[in-house]
Amino acid sequence: MTNKNLLASAVIVLLILAVAGAYLSQNNNEEPEKTVQNPEDKLKVDNAFNVEKPTIKANVNKDCAGTPWFVGQQKGFFEKAGINFVDKGHLDWAQQPSALISGQTNVADAHPNTIINLLKEGAKVKGVVASGDEPPDGDLQHEHMHWLVLENSSLREVKDILNTGKKIKIAVGAFGICSDIETNDWLRQNGIPKDKVELVVIPDPQQEQALREGLIDVAVLHPPFYTAAEEHGGVRIIVSSRKIFGDAAGITLLYFTEDFIKNNPDAVRKFIRGYKNSERWSNDNPNESADITAKEIGLEKSTVHFYNNTGEIDGSKIQKWIDAMVKDGIIKPGEYKPSDLYTDEFKDEWISE
């Protein structure tokens with residue numbers, strides 16, 4: 001082979017090596033080709049690892065009953081329990097049962113008489129855990145209600161109603177709730193005829209002013225409204241809830257529809273856990289829970305209700321309400337028994353002390 005041919009062959013080899021090197025270098029620097037994943041397949045994978053939290057909806061009013069709901073959200077108890085809680089906002093207490101039955105909300109908190117009234121109307125609802133409670137004897141500042149009169153009122157005790165020469169006006173937050181049920185029992189226990197009094201419906205926030213203006217003779221208030229009135233001065237307690245209804249005075253139950261319980265037992269269980277942890281924290285931290293409540297409802301200072309620490313539903317306390325409703329002529333003797341109002345399906349969430 002001539003020198004010219006050798007030189008040509010060497011150039012060709014060098015060109016081939018250069019092209020091959022460039023090709024290999026380019027492919028080594030490229031990222032591996034990405035697999036395009038179907039969005040629906042990706043969603044299935046994501047859901048398999050991130051299970052969606054069940055949603056629970058409730059109406060939370062800006063009043064004394066809001067503490068567990070406020071604390072549960074601000075302190076993260078609902079989230080820790082695996083619940084997506086949705087506050088549907090303020091709704092008049094008389095309308096809340098209808099909202100729950102229609103499915104606009106899922107859970108509510110109420111005294112036994114509210115649940116009985118729903119059962120009377122054919123609603124299928126059940127209590128699942130004890131919520132509110134009456135504090136130990138002597139803890140006056142956390143009792144469920146105080147009956148207040150002006151300091152200069154002629155009413156020193158309930159029997160003075162008989163000697164006033166006029167019909168005494170007593171304010172209640174609504175008819176068919178704790179304030180009128182327990183007021184009726186108070187009057188009945190002391191032999192006060194119904195024609196000696198007039199129950200006037202005035203919401204708790206407006207009762208103090210009505211009392212001071214002389215529009216009513218007795219205000220029936222929950223915390224924090226009785227606390228505010230008492231701190232303003234010029235009023236005194238004529239009776240408190242424990243004196244009238246004993247241990248049963250403050251009892252409330254969280255309740256759901258039977259269909260919701262049947263279809264969403266895990267959600268109910270998780271909500272009970274979060275809600276009760278919120279209530280226990282409120283009992284253990286009354287000052288901070290009061291501050292949270294005051295801010296939410298627009299007061300400078302607040303006190304809060306006392307809550308049942310265990311969650312165990314006590315049938316004897318419910319019976320007290322049943323007996324009072326029978327005496328008021330709302331239900332017949334034997335028409336309802338305590339177990340009609342609740343299920344013990346979730347009693348594993350009730351904590352023994």
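First, a word on what this report is: a plain description of the structure on this page. In this text the structure is predicted, and so the values were computed from the model without any measurement.

## Comments concerning the sheet that holds strand β7 (residues 197–201)
And step 1. Taken in spatial order, the five strands of this open sheet run β7-β6-β8-β5-β9, and their pairing is mixed. Each of the sheet's edge strands pairs with one partner strand only, and the pair in question is β7 and β9 (235–240). Adjacent strand axes in the sheet meet at a mean angle of 30° when their direction is disregarded.
And step 2. Where helix α8 (residues 204–212) meets the sheet, it contacts β5 (146–150), β6 (168–172), β8 (218–221) and β9, and its direction lies at approximately 160° from that of β8.
And step 3. Each of β5, β8 and β9 touches helix α9 (residues 225–232); the most contacted strand, β5, lies at about 30° to it.

## With respect to helix α14 (residues 315–327)
And step 1. The terminal C-alpha atoms of α14 lie 18 Å apart, and with 13 residues this matches the ideal 18 Å at 1.5 Å per residue to within 8%.
And step 2. Looking only at α14, the buried set comprises Lys 317, Ile 318, Trp 321, Ile 322, Ala 324 and Met 325. End-on, the buried residues of α14 take up no more than an arc of 160°, which puts them together on one face. Exposed positions of α14 whose direction lies more than 90 degrees from the buried face are Ser 316 and Lys 327.
And step 3. The secondary structure elements touched by the buried residues of α14 are α6 (112–120), α7 (178–189), α10 (241–245) and β10 (253–257).
And step 4. Backbone geometry just after α14 places Gly 329 at a positive phi near 80°.

## Comments concerning the pairing of β6
And step 1. Counting buried residues in β6 gives four out of five residues, a clear majority hidden from the surface.
And step 2. A crossover links β6 with its parallel partner β7, the connecting element being α7, and its sense is right-handed.
And step 3. Looking at chain direction, β6 and β8 are connected through two bridges and run parallel. Residue pairing across strands places Ile 170 opposite Val 218, the latter belonging to β8.

## Digging into the nonpolar core
And step 1. Core analysis: the largest hydrophobic core is formed by 72 residues, its most contacted members being Trp 69, Val 128, Trp 147, Trp 186, Phe 256 and Phe 271.
And step 2. By size, the runner-up hydrophobic cluster in this structure holds 12 residues, among which are Ala 171, Ile 202, Ala 210 and Val 235.

## Digging into the pattern of salt bridges
And step 1. Taken as a whole, this structure holds 14 salt bridges when the rule is applied.
And step 2. A salt bridge links Glu 288 to Lys 75; the shortest N-O distance between them is 2.7 Å. With Glu 288 in helix α13 (residues 286–297) and Lys 75 in the loop between α3 (67–74) and α4 (77–80), the pair connects residues that are 213 residues apart, well separated along the chain.
And step 3. You can call Glu 288 partly exposed: its relative accessible area is 35%.
And step 4. The partner of Asp 217 in a salt bridge is Lys 166, with the nearest N and O atoms 3.0 Å apart. Linking Asp 217 in the loop between α8 and β8 with Lys 166 in the loop between β5 and β6, this pair joins segments that are 51 residues apart in sequence.
And step 5. Judged by relative accessible area, Asp 217 falls into the buried class, the value being 17%.

The rules behind the values
- Residues numbered from 1 in each chain as written.
- Predicted model: local features only at pLDDT ≥ 70, side-chain atom pairs only at ≥ 80, totals over all residues.
- Heavy atoms only, no water.
- Pairing = 2+ DSSP bridges.
- Helix = DSSP H or I, 4+ residues; strand = E, 2+ residues; numbered from the N terminus.
- Axes fitted to C-alpha atoms, helices over the stretch in contact; angles between N-to-C directions.
- Contact = heavy atoms within 4.5 Å.
- Expected span 1.5 Å × (residues − 1).
- Buried < 20%, exposed > 50% of the residue type's maximum accessible area, 1.4 Å probe, protein only.
- Arc of directions from axis to C-beta.
- Right-handed = clockwise from strand over helix to strand, strands pointing away.
- Core = buried A, V, L, I, M, F, W, Y, C linked by side-chain atoms within 4.5 Å.
- Salt bridge = Lys/Arg side-chain N within 4 Å of Asp/Glu carboxyl O.

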